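Results of the structural survey
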Amino acid sequence: MKNIVIIGAFWGDEGKGKIVDFLGAEAEVVVRYQGGSNAGHTIVVEGKKHVFHLLPSGMLYPDKLCLIGNGVVVEPGALIEELNELDQAGLPRGELKVSESAVLVMDWHKILDGIEGGEIGTTGRGIGPAYESKVSRKGFKAGELRNMDKFLPKLRNAVTEVNWLLENKYRVAPLDGKKLADKFLIYSTAIQPWLADTSLLLAEAIREGKTILFEGAQGALLDIDHGLFPFVTSSNSSIGG
């Protein structure tokens, strides 16, 4: 079987990383297809453990194509940090490509998650609010980092709107739009080489008969249609966010 999909049956803490680790060594293409940097898979290569939050598990194999698909919400700083850690440790790297259609986790998503996500036990990484922006068509896609002349005005407008909400509804400090713009200029330079049409790359891999591992991060119970809705908290429950 060429295409293997790993899906968690519960909240996302089912130990999928062990299965991913086992199957990923044989796959030619490894795809993260949903979730965000709140996830964590522990991969063991040559007896050493490595924890990935955004990177596909195949990144420690130089011969693999690793894709972050459009279903993932990507925090640029977290992605860059993970890759830098691999470089600093002198570890090998697979070829990484990030979907141009993946929605970015913005600074205000993490702020809003910290304010609104407490009742459902999120991790505060902004994943839920980023998906809200995606569904409402207000999000920023990774591919927009290719054109900062358009990205920055859109960012300024978003910050103005978000700051009104932060100050007037939640009574917290507003975001510094200038610092945010400067940060995304750096992100743009770093991330652009990884951007690609991952759907096209997957279609080519399937046509060539390559073995593809689709690496799930979240569990089925987080699904907005088929999971628990509304969410009822308990003292020991938590979900990704």
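Residues numbered from 1 in each chain as written. Predicted model: local features only at pLDDT ≥ 70, side-chain atom pairs only at ≥ 80, totals over all residues. Heavy atoms only, no water.

Some points on the packing of helix α3 (residues 107-116) against helix α4 (residues 127-135)
To keep it simple, the criterion reads: Where helices are involved, their axes are fitted lines through C-alpha atoms of the stretch in contact, as for all axes, and angles between N-to-C directions lie from 0 to 180°. Each helix corresponds to a stretch of at least 4 residues labelled H or I by DSSP, and each strand to a stretch of at least 2 residues labelled E; elements are numbered beginning at the N terminus. Here roughly perpendicular refers to angles of 65 to 115 degrees, roughly parallel to angles under 35, roughly antiparallel to angles over 145, and oblique to all remaining angles. Left-handed is the label given to a crossing in which the near helix is rotated counterclockwise from the far helix by less than a right angle, and right-handed is the label when the rotation is clockwise. Two residues form a contact once any of their heavy atoms are found within 4.5 Å. Ten residues, namely Ala, Val, Leu, Ile, Met, Phe, Trp, Tyr, Cys and Pro, are considered nonpolar, four, namely Asp, Glu, Lys and Arg, are considered charged, and the remaining ones, Gly among them, are considered polar.
Contact geometry of α3 with α4 gives a least axis separation of 7 Å together with a crossing angle of 120°. Our classification of the angle between α3 and α4 gives oblique. The element α3 and its partner α4 pack so that their crossing is right-handed. Counting all contacts with α3, which are made through His109, Leu112 and Asp113, the residues of α4 involved are Ile127, Pro129, Ala130 and Ser133. Residues that form the contact of α3 with α4 fall into these classes: four nonpolar, two polar and one charged.

Comments concerning the packing of aromatic side chains
Any two aromatic rings considered together are summarised by their centre-to-centre distance and by the angle between their planes. Here is the rule: Only centres within 6.5 Å qualify two rings of Phe, Tyr or Trp (six-membered ring in Trp) as a pair; their planes then separate them into stacked at under 30 degrees, edge-to-face at over 60, and tilted for everything else. Counting as a charge over the ring demands two things of the Lys NZ or Arg CZ atom: a distance within 6 Å of the ring centre and an angle within 35 degrees of the ring normal.
This model, assessed by the stated rule, comprises four aromatic pairs. With 5.4 Å between their ring centres and 35° between their planes, phenylalanine 151 and phenylalanine 184 make a pair best called tilted. Within this pair, whereas phenylalanine 151 is found in helix α5 (residues 148-168), its partner phenylalanine 184 is found in helix α6 (residues 177-191), the two being separated by 33 residues in sequence. Pairwise contacts between aromatic rings join Trp108, Phe140, Phe151, Phe184 and Tyr187 into one cluster. When the ring centre of tyrosine 61 is taken as origin, the NZ or CZ atom of lysine 64, which lies over that ring, is 4.9 Å away. The residue whose ring lies beneath lysine 154 is phenylalanine 140, and the NZ or CZ to ring-centre distance is 4.5 Å.

Some details on the nonpolar core
One recurring pattern in soluble globular proteins: nonpolar side chains tend to sit buried together. As a reminder, the rule being used: Only buried residues count toward a nonpolar core. Its members are Ala, Val, Leu, Ile, Met, Phe, Trp, Tyr and Cys residues joined through side-chain atoms within 4.5 Å. Whether a residue is buried, partly exposed or exposed follows from its accessible area with a 1.4 Å probe, protein chains only, as a fraction of its type maximum: under 20%, in between, or over 50%, in that order.
The biggest cluster of nonpolar side chains holds 47 residues, and the ones touching the most others in it are Leu79, Leu96, Trp108, Phe151, Leu155 and Phe184. Contributing elements (two or more residues each) for this core: β5 (65-68), α2 (76-88), β7 (95-99), α3, α5 and α6. Ranked by the residues each element gives to this core, the list is headed by α5, at eight residues. In contact with leucine 79, not counting residues within four places along its chain, are Leu54, Leu55, Ile68, Val74, Leu96, Val98 and Trp194.

Some remarks on the environment of glycine 227
By the secondary structure assignment, glycine 227 is in the segment after β10 (212-219). By relative accessible area, which is 16% here, glycine 227 ends up buried. Put simply, glycine 227 and leucine 112 are 115 residues apart on the chain and 23 Å apart in space, counted from C-alpha to C-alpha.

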